[in-house]
Amino acid sequence: MYDLIIIGGGPAGLTAAIYAVRYGLDTVVLEKNVVSGQIATAQRVENYPGFPSISGMELMQNFKVHAEQAGVIIQNTNVSSVRDEGGKKVVISDDGELEGLALIVATGANPKRLGVAGESELLTKGVSYCATCDGPFFAGQEVIVVGGGDSAITDALILADIADKVYVIHRRDELRACSLLQKRAFGKENISFIWDTAVQEIKGRDLVEKVVLKNLKTDDITEMKIDGVFIYVGIDPNTSMVDVDKTDVGFIRTDERLKSSVDGIFAAGDCRRTSVWQVVTAVSDGAVAAISAHEYITSLKSDN
Ligand code: NAP
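Sequence positions are assigned chain by chain, starting from 1 and proceeding in written order. At least 70 in pLDDT is required for a residue's local features to be given in this predicted model, at least 80 for side-chain atom pairs to be given and counted, and no such filter applies to totals for whole chains, interfaces and linings, which use all residues. Only hydrogens and water are removed before side-chain values are computed, so all heavy atoms of the structure are retained for them.

## Quick word on the domain arrangement of the protein chain
So, point 1. Domain delimitation follows an automatic or database domain assignment. For the protein chain, the assigned domains are domain 1 (2-110 + 235-303) and domain 2 (113-231).
So, point 2. The distance between the C-alpha centroids of domain 1 and domain 2 comes to 32 Å.

## Let's talk about the side chain of glutamine 182
So, point 1. With respect to the element layout, glutamine 182 can be found in helix H5 (residues 179-186).
So, point 2. Looking at glutamine 182, the relative accessible area reads 18%, which means it is buried.
So, point 3. Not counting residues within four places of it along the chain, the set of residues in contact with glutamine 182 comprises Ile153, Leu175 and Ala177. Elements are defined by DSSP. Helices are runs of H or I of four residues or more, strands are runs of E of two residues or more, and each kind is numbered from the N terminus. In this scheme, a residue with accessible area under 20% of its type's maximum is buried, one over 50% is exposed, and one in between is partly exposed, where area comes from a 1.4 Å probe on protein chains only. Should any heavy atoms of two residues lie within 4.5 Å, those residues are counted as being in contact.

## A few points about the nonpolar core
So, point 1. One finds Leu4, Phe63 and Ile104 to be the most contacted residues of the largest nonpolar core, which totals 36 residues.
So, point 2. For this core, the secondary structure elements donating two or more residues are strand S1 (2-7), helix H1 (11-22), helix H2 (56-70), strand S6 (96-105) and helix H6 (279-303).
So, point 3. It is H6 that provides the largest number of residues to this core, a total of nine residues.
So, point 4. Leave out the neighbours within four places in its chain, and isoleucine 104 touches Leu4, Ile5, Ile6, Ile7, Ala16, Phe266, Ala268, Ala289, Ala290 and Ala293. Residue types Ala, Val, Leu, Ile, Met, Phe, Trp, Tyr and Cys, when buried and joined through side-chain atoms within 4.5 Å, form a set referred to as a nonpolar core.

## Comments concerning the packing of aromatic side chains
So, point 1. Two rings belonging to Phe, Tyr or Trp (six-membered ring only in the last case) form a pair when the distance between their centres is within 6.5 Å. Interplanar angles under 30 degrees mark stacking, angles over 60 mark edge-to-face geometry, and anything in between is tilted. As enumerated under the stated definition, the model contains eight aromatic pairs in all.
So, point 2. Taking 5.6 Å as the distance between ring centres and 65° as the angle between the ring planes, the aromatic pair formed by phenylalanine 251 and tryptophan 277 counts as edge-to-face. Pair noted here: phenylalanine 251 is in the loop between strand S16 (235-237) and strand S17 (265-267) and tryptophan 277 is in the loop between S17 and H6, with a separation of 26 residues, a long-range link.
So, point 3. For phenylalanine 251, a relative accessible area of 9% corresponds to the buried category.
So, point 4. Both rings, one in phenylalanine 266 and one in tyrosine 296, keep their centres 6.1 Å apart while their planes meet at 70°; by these two values the pair is edge-to-face.

So, in structure tokens, the structure goes:
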């Protein structure tokens, strides 16, 4: 029986673990990948204080080394579900069942799929969700970016420095992205915007060749020849394994101490309902969740 089980070894989970072991909690982190966290796929991170410029992979490796040096045990396994037995939480993983007094869910989120024909079939063959990972394959080519939020525009700007031409395809005639990103994108010569338009299908035999577009105002259907399709239509939290109160799309609702609706289950980082998805906020969440879990475990032990 562990004091604390943390699901997810990204910035939130590893920070929670570092805090938890320093509070003397017998803690295990369950993580399915060797190096975790969406940020590990970022080419450069330039907004994490103390590291003016570092690759996402190196930053996460530093987190892991730090956690292991602090005495954190990281077990590589996939968690399928969680059973709440009141004073005990049972985590069901590929390696069997683990029991803990408390649980921190720090499972992050994944890019949402557009859900059109050709998207899955042409994944890694021209369809991508990460410009920093796959952008360099499109040097001198033409790509589309689907979406109008911060992620779409951030990555359109990255792609504009690599590809010949970037078309941002957005379903409305106004971007959701912050004004600074909008200003940069509108000022970029090789970025064009195709408004009020949806991608209906992605076509190609071995690689992406074209997309079918629908103008949502006129219903006109056109085909556009293209080399790459980068999709940024939001993010999906990885929270299906835990039965707590969540938003419609699955983000875990917490209070300000990061307690979920179930006693002894806390959530931290991108998997919880928040308005900012950054490494620095995930790290902050990890610390808060660990301190809250420590208080919960201490009171649970003193009651018994
Ligand atoms: P987002 O803000 O939810 O934006 C998703 C975009 O995709 C919206 O423009 C939305 O259109 C569009 N969209 C959604 N479903 C669609 C569909 N089925 N077909 C076509 N378009 C669709 O998601 P995000 O850009 O990934 O950002 C998520 C969070 O991370 C945000 O809070 C963001 O601020 C943060 N973030 C921050 C940074 C940064 O600080 N540099 C970078 C990346 C992300 P509508 O606008 O019409 O709804």
